[in-house]
Amino acid sequence: MKKPSLTAENDSLLRRGLARGLPLWGRGTAIAVDEGFMRAGTARCGGLLCAVPHQPPFGGSFPEGKPKRRRGRRLLILPILALLLSLASCGAKAPSAPRFSDGNLTVTAEVTRGDLAYAAEFSRRDGARTLTFLAPETLAGLTVTDAGGVCRLSLGELSVESPDAAAFFTPFTLFDLPEGSLTGSREENGLTVYEGTRGEERFRVAVDAAGRPVRLEGNVGGEEIGVTVTKFEFDTPSEGTERERKSA
């Protein structure tokens, strides 16, 4: 299509109308404006407006207030998300750590207690506790029993009552931690490690995939204690006379 242009006559009329402050479409003469001329004028005006700061070009404007409304909706979503996350964290429960305080228990373990190291077999059966030292040779054969609130030390045919002997059972109290003592867990070298504190005491219990304790350690009564389990047998209360044997 041929590009439209102003004729000399229309150009003269346009100049006179602008000079007099009259409308371009007066009573006498109407300026013929075709479609191409309107497009050219619109494009030129759009270019001028684009040069003005903060003015959007033609075709890219939005209704006034709409961007603010969208921004307000985004700000409203943020506190809702924060509330949902807080509710989810409040509903999270402490890890379900294994418990061995109920039922009969027999453990063979290597124990470190400060500078002292020894191997022993510990059993808890029907409320009575028994600890028999296996090594070193200077302690091998020594047995400590706690039954009915009476503690005794025995070696061979010799036996003596000793209230202080109850302290020998301290490392094995790690098997009797109260519920809620272990509050965190993580995976480490194929084991599930549970950790927790109680006052100034701290605990760490590592179990294998079958739930058998492998390593227990902590600060108990101001002493650094470690128990490495080599054999483990446990009877849960619901099993009655049926024994569940777990050997590590």
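Residues numbered from 1 in each chain as written. Predicted model: local features only at pLDDT ≥ 70, side-chain atom pairs only at ≥ 80, totals over all residues. Heavy atoms only, no water.

A. Just the overall build of the protein, in detail. In terms of helices and strands, the protein carries three helices and 12 strands. For the protein, with 248 residues in total, the buried portion stands at 26%. Of the contacts formed within the protein by residues at least 6 apart in sequence, a portion of 36% connects residues at least 24 apart. (Helix = DSSP H or I, 4+ residues; strand = E, 2+ residues; numbered from the N terminus. Buried < 20%, exposed > 50% of the residue type's maximum accessible area, 1.4 Å probe, protein only. Contact = heavy atoms within 4.5 Å.)

B. Just the pattern of salt bridges, in detail. In this structure the tally under the stated criterion is 15 salt bridges. The residue glutamate 223 makes a salt bridge to arginine 113 at a minimum N-O spacing of 3.0 Å. With glutamate 223 in strand β11 (residues 223–235) and arginine 113 in strand β1 (residues 104–113), the pair connects residues that are 110 residues apart, well separated along the chain. You can call arginine 113 buried: its relative accessible area is 16%. The partner of arginine 125 in a salt bridge is aspartate 235, with the nearest N and O atoms 3.6 Å apart. Residue arginine 125 is found in strand β2 (residues 116–125), and its partner aspartate 235 is found in strand β11; the two are separated by 110 residues along the sequence. Accessibility expressed as a relative area gives 29% for arginine 125, which makes it partly exposed. (Salt bridge = Lys/Arg side-chain N within 4 Å of Asp/Glu carboxyl O.)

C. View of the packing of aromatic side chains. On inspection of all chains with the given rule, the structure shows 10 aromatic pairs. Plain terms: the ring middles of phenylalanine 100 and phenylalanine 232 are 5.2 Å apart, the flat faces sit at 75° to each other, and that makes the pair edge-to-face. On the criterion of sequence distance, the pair formed by phenylalanine 100 in the loop between α3 (66–91) and β1 and phenylalanine 232 in strand β11 is long-range, its members being 132 residues apart. We note that phenylalanine 100, like phenylalanine 232, is buried. The interplanar angle of 10° and the centroid separation of 6.4 Å between the aromatic rings of phenylalanine 172 and phenylalanine 175 together place this pair among those described as stacked. Phenylalanine 175 carries the same exposure label as phenylalanine 172, and that label is buried. Site record: aromatic cluster; members linked through ring pairs are Phe100, Phe122, Phe169, Phe172, Phe175, Phe232 and Phe234. One cation-aromatic arrangement involves arginine 129 over phenylalanine 169; the distance from NZ or CZ to the ring centre is 4.3 Å. (Phe/Tyr/Trp six-rings, centres within 6.5 Å; stacked < 30°, edge-to-face > 60°. Lys NZ or Arg CZ within 6 Å of the ring centre and 35° of its normal.)

D. How the structure looks around the pairing of strand β10 (residues 213–220). Judged from the six bridges that link them, strand β9 (residues 201–207) and β10 form a sheet pairing that is antiparallel. Pairing of arginine 204 across the sheet is with glutamate 217, part of β10. Remark: five residues form the turn of the hairpin made by β9 and β10, two consecutive strands paired antiparallel; glycine 211 in that turn has positive phi of roughly 85°. Where β10 and β11 come together, six bridges link them in antiparallel fashion. Bridge pairing in β11 places asparagine 219 opposite glutamate 224. The loop that links β10 with its antiparallel partner β11 comprises two residues; one of these, glycine 221, has a positive phi angle of about 60°. (Pairing = 2+ DSSP bridges.)

E. Structural detail: the environment of leucine 131. Relative to the elements of secondary structure, leucine 131 occurs in strand β3 (residues 128–135). Residue class for leucine 131 comes out buried when judged on its relative accessible area of 0%. Those residues in contact with leucine 131 that sit more than four places away from it in its chain are Ala120, Glu121, Phe122, Leu142, Thr143, Val144, Phe168, Phe169 and Phe172.

F. Representation of the nonpolar core in the model. Counting 31 residues, the largest nonpolar core has Leu131, Phe175, Val227 and Phe232 as the members making the most contacts within it. Listing elements by their share of this core, those giving two or more residues are β1, β2, β3, β9, β10 and β11. Residue contributions to this core peak at five residues, all from β11. (Core = buried A, V, L, I, M, F, W, Y, C linked by side-chain atoms within 4.5 Å.)

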